[in-house]
Amino acid sequence: MKPRRYHGLKRPKLRQTWNKYNLYNLARMRQPKVGLDGETFFQQKWRAKGMLRAYHGEHVVERKWERMFSRRLLGVANMDPAYMARHDGSELAAGRGSGRDQPPTHGAAVVEKNTLTPYMQMAFAPMERRLDIAVFRAMFASSARQARQFCVHRKVKVNGKVMPYPSYRLNPGDMFQVDPEMVLLGTGRQKTDADADAGKRKKKKAKSASSEEVEEPVEEEEEQASEPAPAAYQDPDTTDVADPEKADLAPTRRQIQDLIERAKEVVDESELGVAQKRKLREFARQARTLLSRAGRQNASASDIANELSGMMADLRLSSPTSRAAEPEEEDSGEAELTRDERRILERLIREDEENPYDPSKPYRTPWQPRPYMSPFAFIPRYLEVNPNICAAVYLRHPVARVGGAEVPTPFNNEISQLAFNWYLRRR
């Protein structure tokens, strides 16, 4: 059986996802007309229910949602603090629901519009309590299905404990936190085929470099086989200094290789000046020399690390006074960097330090936000989100106010009312 397309353009269904096809369907959406062509009331409710269920928790089984459904629609009244300070509020309470509200003055020059509270938009408010929906609303995942996957893979914590159940209903005051690596994966750009191939090549180079490091001491051991082997036990006073042969320089070699590749990419892609490119090429040449030295037997990890840090420090541009104190570079004919060029290079180095290039990550590096993300950048008022630690607090249940409801939905009040009536009769 051929599977159905999740995102269709001929018969579109709106979804809770940042997909570009879903954004296109939202952009060209027109509010559906119900009650046309002689539809019965049952048919209107059925069609409205289908459209809303395709958006609100379509990955939730229908019987589970029917158990979650509640006919209690929460709402609040907007009260002016200045008015409440002057009055006790009995005027508002007396006319509420008794038909004694002040009638509009139709003969006035300006007639105030009677703004209603869209209670029917709260039909799917219980769905917002689910953990996976809350993770998606907090912008920690690119879709509700991906948020569910994070929960199942034990990447989400609630109040400090791992919560593998995406159907967990949050209570006011609960704090949930998502693994930062999963947030970067869900909200960042995906790797292309070229990025994946580059990551594979780097892994192969790292493996070959580590194998060469292992083979070199083996050959020397064969040459020194005639020498007597050291005793099994040695005095601690004579073994306080670490043996340089046992130092593992594979991570250091891998970092140097990544720096060389990153310098090549900056030279090829960035719009730098001649002096800046020359400086980066010189850095790559010194890094290759350091890489060959790191593969030797007598290489020291501390010396390699110190020299690498010194190279990184030299790569940063010095002040104009210090550059004027170097007559060798002026005599060699190199053009001095201007203030704008110096600022650009410093910014590139700072960005590379804050957001490095790491092909081992499952997402594209340097990290960039996922495309078509900005139209969906919306956080409801009932959530307090801290993106620095990838955590959020479920403050309270969503409510309806005068002129708007806190449950995000692309459908109008009429469609929501029909869907609410459908589930109301089935309880």
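Note that the coordinates shown come from a computational prediction; the quantities given were computed from them, not determined experimentally.

**Description of empty space enclosed by the protein**
Thought 1: One pass over the full model with this rule turns up four cavities of 30 Å³ or more.
Thought 2: If you add up the space inside the second largest cavity, you get close to 50 Å³.
Thought 3: In terms of residue class, the lining of the second largest cavity is built from three nonpolar, three polar and two charged.

**Notes on the side chain of E128**
Thought 1: Turning to its location among the elements, E128 is positioned in the loop between α5 (90–95) and α6 (131–137).
Thought 2: Apart from the residues lying within four places of it in its own chain, the contact partners of E128 are H56, I133, A134, R137, Y382, Y394, P398, V407 and P408.

**Focus: the layout of surface pockets**
Thought 1: Looking at the second largest pocket, its volume works out to about 810 Å³.
Thought 2: Forming the boundary of the second largest pocket are 21 residues, of which G8, K10, R11, P12 and K13 lie nearest the centre.
Thought 3: Per-element accounting of the lining of the second largest pocket gives the leading share, four residues, to helix α2 (residues 41–55).
Thought 4: Class assignment of the residues belonging to the lining of the second largest pocket gives a composition of nine nonpolar, three polar and nine charged.

**Here we look at the side chain of S416**
Thought 1: Relative to the helices and strands, S416 resides in helix α16 (residues 413–425).
Thought 2: A polar atom in the side chain of S416 sits 3.2 Å from the backbone oxygen of N412.
Thought 3: Those residues within four positions of S416 in sequence are excluded, and the remaining contacts are L52, M120, Q121, A123 and F411.

**Examining the nonpolar core**
Thought 1: Grouped together as the largest cluster of nonpolar side chains are 27 residues, with contacts concentrated most on L131, V135, F140, V156, L170, F176 and V178.
Thought 2: Put simply, the parts of the chain that give this core at least two residues each are α6, α7 (144–152), β1 (156–158), β3 (174–178), α8 (180–187) and β5 (391–394).
Thought 3: Ignoring any residue separated from it by four or fewer positions in sequence, one finds L170 in contact with R129, L131, A134, V158, F176, Y394 and H397.
Thought 4: Within the second largest apolar cluster, 23 residues are counted, among which are M29, L52, M68 and Y423.

**So, the pairing of β3**
Thought 1: What you see with β3 is a clean split: D174, F176 and V178 sit on the buried side and M175 and Q177 on the side with no burial.
Thought 2: Relative to β3, β1 is paired through three bridges, and the arrangement is antiparallel. By the bridge assignment, K157 is partnered in β3 with Q177.
Thought 3: Bridging between β3 and β5 involves four bridges; their strand directions are antiparallel. Residue pairing in the sheet places F176 in a bridge with A392 of β5.

**Observations concerning the packing of α2 against α16**
Thought 1: Interhelical geometry of α2 versus α16 gives an angle of 105° and a closest axis separation of 8 Å. By the angle between their directions, the pair α2 and α16 is classed as roughly perpendicular. The segment α2 lies against α16, with F41, F42, Q44, K45, W46, A48, K49, M51, L52 and R53 engaging I415, S416, L418, A419, N421, W422, Y423 and R425.
Thought 2: Taken together, the residues of the contact of α2 with α16 break down into eleven nonpolar, three polar and four charged.

How each quantity is defined
Residues numbered from 1 in each chain as written. Predicted model: local features only at pLDDT ≥ 70, side-chain atom pairs only at ≥ 80, totals over all residues. Heavy atoms only, no water. 1 Å grid on protein atoms, 1.4 Å probe; cavity = no way out; pocket = protein on both sides within 12 Å on 5 of 7 lines; lining within 4 Å. Points joined across faces, edges and corners; volume = space filled by probe spheres on them. Nonpolar A, V, L, I, M, F, W, Y, C, P; charged D, E, K, R; others polar. Helix = DSSP H or I, 4+ residues; strand = E, 2+ residues; numbered from the N terminus. Contact = heavy atoms within 4.5 Å. Polar contact = N/O pair within 3.5 Å; in protein donor to acceptor, adjacent residues only side chain to side chain. Core = buried A, V, L, I, M, F, W, Y, C linked by side-chain atoms within 4.5 Å. Buried < 20%, exposed > 50% of the residue type's maximum accessible area, 1.4 Å probe, protein only. Pairing = 2+ DSSP bridges. Axes fitted to C-alpha atoms, helices over the stretch in contact; angles between N-to-C directions. Parallel < 35°, antiparallel > 145°, perpendicular 65-115°, else oblique.

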